[in-house]
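Results of the structural survey
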Amino acid sequence: MTRALVVHHDIDLADQEVESLRRFGYEVEQCSGPSANTCPVLNGGRCAMADRSDVLVYDAFADGDIDGAQRLISDLRRVHAAVPIVLTFPGVGMTGFDDEPAHGVVSVYGQPTGANLHAAIQQAIAELHPAS
């Protein structure tokens, strides 16, 4: 079973994403992110929940704004380089943001349904960990 960590600043939206992923067979943990908690990644450390995860599903604005989001994702890539990331955007993406699947980052725009989250997770895992 694939383990996912859902990080979202809006608890209601996070709950929806978690339930959608559970219906697709994922084992899911949830975090409200650095806007509500102290994030070890932003302090140069590792996140125990990310260490237990096969994929990270992050609200692109989990750190409050675009600059914070870019820093957070960059830090996650540095600290947890082997864990793919799916970024959820409620609308349009961020200009100049590195969401290249080859770097293990895949974006989902608009409403993050279970189906499009599942597809993005599968793409992120396949791109970061291609079959031999």
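Here, every reference points to the structure presented above.
Parameters and conventions
Residues numbered from 1 in each chain as written. Predicted model: local features only at pLDDT ≥ 70, side-chain atom pairs only at ≥ 80, totals over all residues. Heavy atoms only, no water. Helix = DSSP H or I, 4+ residues; strand = E, 2+ residues; numbered from the N terminus. Buried < 20%, exposed > 50% of the residue type's maximum accessible area, 1.4 Å probe, protein only. Polar contact = N/O pair within 3.5 Å; in protein donor to acceptor, adjacent residues only side chain to side chain. Core = buried A, V, L, I, M, F, W, Y, C linked by side-chain atoms within 4.5 Å. Contact = heavy atoms within 4.5 Å.

**Section: the side chain of Arg77**
Looking at the secondary structure, you find Arg77 in helix 3 (residues 66-79). Residue Arg77 is classed as buried on the basis of its relative accessible area of 16%. A distance of 2.9 Å separates the side chain of Arg77 from the backbone oxygen of Val83, its partner in a polar contact.

**Here we look at the nonpolar core**
Grouped burial of nonpolar side chains is what soluble globular proteins tend to show. Within the largest apolar cluster, 21 residues are counted, with the highest numbers of intra-cluster contacts made by Leu56, Tyr58, Leu72, Ile73, Leu76, Ile85 and Leu87. Mapped onto this core, the elements with two or more residues apiece are strand 1 (3-7), strand 3 (55-59), helix 3 and strand 4 (85-89). In terms of residues, this core owes the most to one element, helix 3, which gives four residues. Once you skip the residues sitting within four places of it in the chain, Leu56 turns out to touch Leu5, Ala50, Leu76, Val83, Pro84, Ile85 and Val86. Ranked by size, the runner-up nonpolar core spans 16 residues in total, among them Val18, Val55, Ile121 and Ala124.

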